[in-house]
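Understanding the architecture of this molecule
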There are 4 protein chains.
Amino acid sequence: MAGYAEHKEDVLRSLRRIEAQVRDVQRMVAEDVHCLDVLTRVSALGADLQSCAVTLLDDHLTCCVTEAIAEGGDAAKAKVGEATLAIARLIRT
Amino acid sequence: MAGYAEHKEDVLRSLRRIEAQVRDVQRMVAEDVHCLDVLTRVSALGADLQSCAVTLLDDHLTCCVTEAIAEGGDAAKAKVGEATLAIARLIRT
Amino acid sequence: MAGYAEHKEDVLRSLRRIEAQVRDVQRMVAEDVHCLDVLTRVSALGADLQSCAVTLLDDHLTCCVTEAIAEGGDAAKAKVGEATLAIARLIRT
Amino acid sequence: MAGYAEHKEDVLRSLRRIEAQVRDVQRMVAEDVHCLDVLTRVSALGADLQSCAVTLLDDHLTCCVTEAIAEGGDAAKAKVGEATLAIARLIRT
């Protein structure tokens, strides 16, 4: 089971909202809306995408990583290492 | 005319690719794909969104801001100030 | 004990390197070095600061959060929540 | 002359404040302050570094890029291209 199982509907809802925003940006570009208005939307979209990533990360730490640590051993260490790599990728994006 | 007029098709193509990626992430979540695989995709999506923003910004500087500066006066200063605000928003996202 | 206890010397070394870079940027500005060369250095400095943050975060997850989870209970949940907040702040910076 | 010539003292002042923050983080680590308190400071420091970068960028656009565009020709295009690269680096950091 994925770590976000309990929030699956929330995650899907926020992803659908992000998809609607991307389509809205397409419509703006198709209608030649001024660059800066498009960019403002792209910034807002990026912030929503980050929030979605933070939710997924929180679920991953709360479920998958927590379970692995509770079981202990090398698997736990590996899970924390993997999580850090994912966090590093998000910080650098 | 918008600053991205000459690259309109490229911008729309990259936005459609971003939309396809968002839908792909939705499918992954619907199919309970492992959190970290979802997050890797969200990071890649964020990077593509940033590239799209940089293209729009480059077009804005090359066209709108350049034209305003060539005309000179206070309008030019205002345009540069607006562009900086948009850049600051992207850096902080 | 702090989570970074084992890597304290490494963390201090990377912070001293960051301090040296900040002083170098000051010297560049004092000597009127070209804006873009200063900005390139500021970007590199920002990337080093992010790496330092990722190291601290990894230590925090590996030590503090792992210990709290091994002990279990509400304290564990609180620790994960706190870590997520810190991660969200870093992602948004 | 560098684009930040008029704000040189402000830029130096904010860089000195950033240096003081880096030294403060060092002191916190030397005194084994809790990881998350250190990370909160590192996030604040990163935000201040970004503000400093935005100031330098604004000066660069307002002075160097504006002058090059006013003179016109290929040099202007090259200047805008260089500025975009610097912005892209800051966005990705």
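Residues numbered from 1 in each chain as written. Chains lettered and ligands numbered in written order. Predicted model: local features only at pLDDT ≥ 70, side-chain atom pairs only at ≥ 80, totals over all residues.

Before going further, it helps to spend a moment on the overall build of chain A. For chain A, the helix and strand inventory stands at three helices and zero strands. The secondary structure elements of chain A, listed N-terminal to C-terminal, are α-α-α. Its C-alpha atoms give chain A a radius of gyration of 17 Å, more than 25% over the compact-globule value 12 Å for 93 residues. When the backbone C-alpha atoms are referred to their principal axes, chain A occupies close to 55 × 30 × 15 Å. Expressed as a percentage of its 93 residues, the buried residues of chain A come to 43%. (Helix = DSSP H or I, 4+ residues; strand = E, 2+ residues; numbered from the N terminus. Rg over C-alpha atoms; globule rule 2.2 N^0.38 Å. Buried ≥ 20, exposed ≤ 12 C-beta atoms within 10 Å, placed from the backbone.)

Turning our attention to the relation of the copies chain B and chain D. Take chain B, turn it by 180 degrees, move it 0.0 Å along the axis, and it overlays chain D with an RMSD of 0.0 Å. Read as a symmetry element, the transformation amounts to a two-fold axis. Scanning chain B for the C-alpha nearest the rotation axis identifies B:Ile91, at a separation of 2.3 Å. Mapped onto chain D, 100% of the interface residues of chain B again fall at the interface, so both copies present the same surface. (Least-squares fit on C-alpha atoms with pLDDT ≥ 70 in both. Contact = placed C-beta atoms within 7 Å.)

The interface of chain A with chain B comprises 44 residues on the first partner and 44 residues on the second. Looking at which element gives the most residues to the side of chain A that touches chain B, the answer is helix α2 (residues 35-71) of chain A, with 18 residues. When its residues are assigned to classes, the side of chain A that touches chain B shows 28 nonpolar, eight polar and eight charged. (Nonpolar A, V, L, I, M, F, W, Y, C, P; charged D, E, K, R; others polar.)

Our focus in this paragraph is the relation of the copies chain A and chain B. The operation relating chain A to chain B is a screw motion whose rotation component is 180 degrees, with 0.0 Å of axial translation and a residual RMSD of 0.0 Å. Take the interface residues of chain A: 100% of them recur as interface residues in chain B, which is what a same-surface contact looks like.

Another point: the interface of chain B and chain D. Taken together, the contact between chain B and chain D spans 18 residues of the former and 18 residues of the latter. Of all the secondary-structure elements, those providing two or more residues to the side of chain B that touches chain D are α2 (35-71) and α3 (74-92) of chain B. The residue makeup of the side of chain B that touches chain D, split by class, is twelve nonpolar, four polar and two charged.

In this structure, A:Leu56, B:Leu56, C:Leu56 and D:Leu56 are the most contacted members of the largest nonpolar core, which totals 124 residues. The residues contacting D:Leu56, other than those within four sequence positions of it, are C:Cys35, C:Val38, C:Leu39, C:Val42, D:Tyr4 and D:Val11. (Core = buried A, V, L, I, M, F, W, Y, C linked by C-beta atoms within 7 Å.)

This brings us to the packing of helix α1 (residues 8-30) of chain C against helix α2 (residues 35-71) of chain C. Residues and elements named next belong to chain C. Two elements in contact, α1 and α2, have axes whose closest approach is 10 Å; the angle formed by their N-to-C orientations is 165 degrees. The angle between α1 and α2 falls in the class roughly antiparallel. When you trace α1 past α2, the crossing you get is left-handed. For the pair α1 and α2, contact is made by Val-11, Ser-14, Leu-15, Arg-17, Ile-18, Gln-21, Val-22, Asp-24, Val-25, Met-28 and Val-29 and by Asp-37, Val-38, Arg-41, Val-42, Leu-45, Asp-48, Leu-49, Cys-52, Thr-55 and Leu-56, respectively. A breakdown of the residues in the contact of α1 with α2 according to their chemical character gives 13 nonpolar, three polar and five charged. (Axes fitted to C-alpha atoms, helices over the stretch in contact; angles between N-to-C directions. Parallel < 35°, antiparallel > 145°, perpendicular 65-115°, else oblique. Left-handed = near helix turned anticlockwise from the far one by under 90°.)

With that settled, the discussion passes to the confidence of the model for chain A. Residue and element names in this part refer to chain A. On average, residues of chain A score 95 in pLDDT, and 100% of them are at 70 or above. Mean pLDDT per element in chain A: helix α3 (residues 74-92) is the minimum at 94, and helix α1 (residues 8-30) is the maximum at 98. For this predicted complex, the interface confidence comes out at an ipTM of 0.94, alongside a pTM of 0.93. (pLDDT = per-residue confidence, 0-100.)

The backbone of B:Asp32 shows a phi angle near 55 degrees, a positive value even though the residue is not glycine. With respect to the helices and strands, the residue B:Asp32 is situated in the loop between α1 (8-30) and α2.

Mapped onto the elements, A:Val25 comes out in helix α1. Remark: the alpha-carbon pair of A:Val25 and A:Thr55, spanning 30 residues in sequence, is separated by 24 Å. Contacts of A:Val25, omitting those with residues within four sequence positions, involve A:Val38, A:Arg41, A:Val42, A:Leu45 and B:Leu15.

Along the chain, C:Gly72 falls in the loop between α2 and α3 (74-92). For the pair C:Gly72 and C:Leu15, spaced 57 residues apart in sequence, the C-alpha separation works out to 34 Å.

Turning our attention to α3(C). An ideal rise of 1.5 Å per residue puts 27 Å on 19 residues; α3(C) measures up with 27 Å between its terminal C-alpha atoms. All buried positions along α3(C) are accounted for by C:Ala76, C:Lys79, C:Val80, C:Ala83, C:Ala86, C:Ile87, C:Leu90 and C:Ile91. With its buried residues spanning 140 degrees around the axis, α3(C) presents them on a single face. Facing away from the buried side of α3(C) by over 90 degrees, the exposed positions are C:Asp74, C:Ala78 and C:Gly81. Residues of α3(C) that are buried make contact with α2 and α3 of chain A, α2 of chain C together with α2 (35-71) of chain D. (Expected span 1.5 Å × (residues − 1). Arc of directions from axis to C-beta.)

With their axes 10 Å apart at the nearest point, α2(A) and α3(C) run at an angle of 150 degrees to one another. Relative to α3(C), the element α2(A) is oriented roughly antiparallel. The hand of the α2(A)/α3(C) crossing is right-handed. Residue-level inspection shows A:Gln50, A:Val54, A:Leu57, A:Asp58, A:Leu61, A:Thr62 and A:Thr66 of α2(A) in contact with α3(C), the latter providing C:Ala76, C:Val80, C:Ala83, C:Thr84, C:Ile87, C:Ala88, C:Ile91 and C:Arg92. The residue makeup of the contact of α2(A) with α3(C), split by class, is nine nonpolar, four polar and two charged.

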